[in-house]
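# Descriptive structure summary
What follows is the residue order along each chain.
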Amino acid sequence: MENQKEHFPHILFYYFRKGKNAVRAHKKLCHVYGEDALKLRQCQNWFTKFRSRDFNVKDAPRSGRPIEIDDDKIKALIDSNRRLTTREIAENLNISKSSVENHLKRLGYH
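Described below are features of the structure shown in this document. In this text the structure is predicted, and so the values were computed from the model without any measurement. (Residues numbered from 1 in each chain as written. Predicted model: local features only at pLDDT ≥ 70, side-chain atom pairs only at ≥ 80, totals over all residues. Heavy atoms only, no water.)

### A word on the overall build of the chain
The secondary structure content of the chain amounts to seven helices and zero strands. When the helices and strands of the chain are read in sequence order from the N terminus, they spell out α-α-α-α-α-α-α. When burial is assessed residue by residue, the chain has 25% of its 110 residues classed as buried. A fraction of 49% describes how many contacts in the chain between residues 6 or more apart in sequence connect residues 24 or more apart. (Helix = DSSP H or I, 4+ residues; strand = E, 2+ residues; numbered from the N terminus. Buried < 20%, exposed > 50% of the residue type's maximum accessible area, 1.4 Å probe, protein only. Contact = heavy atoms within 4.5 Å.)

Pasting the structure below:
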């Protein structure tokens, strides 16, 4: 399903060009791909974008997207100094403290 989601903006653009509104396009898309395929609000946002003459169907990069954290970097820091705090690791890697905590749990550190 995740791979199909990249095609949704193209499908929505097609319906936009056919003169459909966001609600009708959402219903048609969900009829084919299932009720959880796309939220109505997302569909409305795409239609707003198209109405403003922005026809780029690629998702714009957003701030707040998760940063890929290399577990090996966290392990290397811990191996070099077992007394490092999660705050120090976070500052060293320029990530949030909660991200460090989540990775440490997943890696089996207590």
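### Re the packing of helix H3 (residues 22-33) against helix H4 (residues 40-51)
At their nearest, the axes of H3 and H4 sit 9 Å apart, and the two run at 130° to each other. Between H3 and H4, the angle falls in the class oblique. Note on packing geometry: the crossing formed by H3 with H4 is right-handed. The residues of H4 that touch H3, namely those facing Ala22, Val23, Ala25 and His26, are Leu40, Cys43, Gln44 and Phe47. (Axes fitted to C-alpha atoms, helices over the stretch in contact; angles between N-to-C directions. Parallel < 35°, antiparallel > 145°, perpendicular 65-115°, else oblique. Left-handed = near helix turned anticlockwise from the far one by under 90°.)

### Considering the state of the cysteines
Enumeration over the complete set of coordinates arrives at zero disulfides. Just so you know, cysteine 30 is unpaired, no disulfide at all, and the nearest cysteine sulfur is the one on cysteine 43, 8.1 Å from it. The exposure class assigned to cysteine 30 is buried, which follows from its relative accessible area of 4%. Judged by its relative accessible area of 0%, cysteine 43 falls in the buried class. (Disulfide = S-S within 2.5 Å.)

### Some points on the pattern of salt bridges
The tally for this structure, following the rule as stated, stands at two salt bridges. A salt bridge links lysine 97 to glutamate 101; its shortest N-O distance comes to 2.7 Å. With a gap of four residues between them, lysine 97 and glutamate 101 both fall in helix H7 (residues 97-107), about one helical turn apart. For lysine 97, a relative accessible area of 34% gives the class partly exposed. (Salt bridge = Lys/Arg side-chain N within 4 Å of Asp/Glu carboxyl O.)

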